[in-house]
Amino acid sequence: GGIITQTPKFLIGQEGQKLTLKCQQNFNHDTMYWYRQDSGKGLRLIYYSITENDLQKGDLSEGYDASREKKSSFSLTVTSAQKNEMAVFLCASSIDRGLTGNTLYFGEGSRLIVV
Amino acid sequence: QEKVQQSPESLIVPEGAMVSLNCSFSDSASQSIWWYQQHPGKGPKALISIFSNGNKKEGRLTVYLNRASLHVSLHIKDSQPSDSAVYLCAVSGGSNYKLTFGKGTLLTVTP
C-alpha cells in the first residue's frame, strides 16, 4: 500500500505572510488534490493536478498558488495568510487516468494557524 | 453547482445498534456517490461507493441509492465504538475530478 505525507503537520505564520504546505505520495497516482476543511463546512477543493506540471483551479483557488513539479509531489502556497483562513488543509491523490469515480486517498492534514 | 446535504448532524447510539446516515444531492446527472470516514486528527478514508440505483453491501455496511429522489443512505450494522467518527458523503459530478462533499455526520457509539 501507499501513503500520502503532508508537511508540516502544523504551520504557524503571521498575517500577511506567504506560507507553503507540501504533499508527497508514493502510490504513483496521476491526480493530486488540495482541499480545505473548515469546522462546520464540507471539504472544498482549492487546486488539483492531473499530471506533472498541470494545474487546475477548484472552487476556492483565490489567495492560493499551487505547484506540481514532480508526479509524486504537490505543494500549496497561501499567498498572504489571513486569520479567517485558519483551517485544516488536506492533500489527496487518485489513479484517475480517465476513469470515473476513483477513490481519493487522503493525507492526515496540515493545520494552518495565523497569529 | 452540486449541493450535498447530510442528516443528522450528529448521532449517539449504543454499541450494537444499527446506524442510518442520510445524504441528499441536487444533480440528477451525478455519477458516483461515496462515503468517507474521518477519525479525529486523520484524513478521510473511503468506505464504500455506489453508482447504480439500488443497494450495495460490504461487510457491516450497506448503501442504498435512489436516483429518482436524489437520496443515498449508509447503514452500519452492529455498530462498534471504533465506528465513532465523522461520516462524509461525496458526490462526483460531470467532471471526473470534482467531488462535492457534504458537511458530515458525527457518529458516537457508546460502549
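Residues numbered from 1 in each chain as written. Chains lettered and ligands numbered in written order. Predicted model: local features only at pLDDT ≥ 70, side-chain atom pairs only at ≥ 80, totals over all residues. Heavy atoms only, no water.

1. A short note on the packing of aromatic side chains
Going by this rule: Side-chain rings of Phe, Tyr and Trp, where Trp is taken by its six-membered ring, are said to pair if the distance between their centres is within 6.5 Å; with planes under 30 degrees apart they count as stacked, over 60 as edge-to-face, and otherwise as tilted. Helix and strand definitions follow DSSP, with helices as H or I runs of at least four residues and strands as E runs of at least two, each counted in order from the N terminus. Residue exposure (1.4 Å probe, protein chains only): buried if accessible area is under 20% of the type maximum, exposed if over 50%, otherwise partly exposed. We call a charge positioned over a ring when the NZ of a Lys or the CZ of an Arg lies within 6 Å of the ring centre and within 35 degrees of the ring normal.
Counted according to the given criterion, the structure contains 10 aromatic pairs over all chains. Ring geometry for Phe106 of chain A and Phe101 of chain B: centres 6.3 Å apart, planes at 75°, overall edge-to-face. Taken together, the residues span two chains, with Phe106 of chain A in strand 10 (residues 105-106) and Phe101 of chain B in strand 10 (residues 99-101). Note on accessibility: Phe106 of chain A and Phe101 of chain B belong to one class, buried. Here a set of aromatic residues connected by ring pairs shows up, and it is made of Tyr33, Tyr35, Tyr48 and Phe106 of chain A together with Trp34, Tyr36 and Phe101 of chain B. Here the basic side chain of Arg67 of chain B rests over the ring of Phe51 of chain B, its NZ or CZ set 5.5 Å away from the ring centre.

2. What to know about the pattern of salt bridges
Rule in force here: Salt bridges are defined by distance alone: a side-chain nitrogen of Lys or Arg within 4 Å of a carboxyl oxygen of Asp or Glu.
Considering all chains together, one arrives at seven salt bridges over all chains under this definition. Of the charged contacts, one joins Glu108 of chain A and Lys42 of chain B as a salt bridge, the two residues approaching to 3.1 Å between their closest N and O atoms. Of this pair, Glu108 of chain A sits in the loop between strand 10 and strand 11 (110-114) while Lys42 of chain B sits in the loop between strand 4 (33-38) and strand 5 (45-50), which puts the two residues in different chains. On the accessibility criterion, Lys42 of chain B (41% relative accessible area) is partly exposed.

3. Thoughts on the state of the cysteines
All names here are of chain A. In plain terms, the rule: By definition, disulfides here are pairs of cysteine sulfur atoms that lie within 2.5 Å.
Applying the stated criterion to the full structure yields two disulfides over all chains. Paired by a disulfide, Cys23 and Cys91 hold their sulfur atoms 1.9 Å apart. Looking down the S-S bond of the Cys23 and Cys91 bridge, the torsion is -80°, so its handedness is left-handed. Here Cys91 lies in strand 9 (residues 88-94) and Cys23 lies in strand 3 (residues 19-25), a separation of 68 residues in the sequence. Exposure remark for Cys23: the relative accessible area of 1% places this residue in the buried category.

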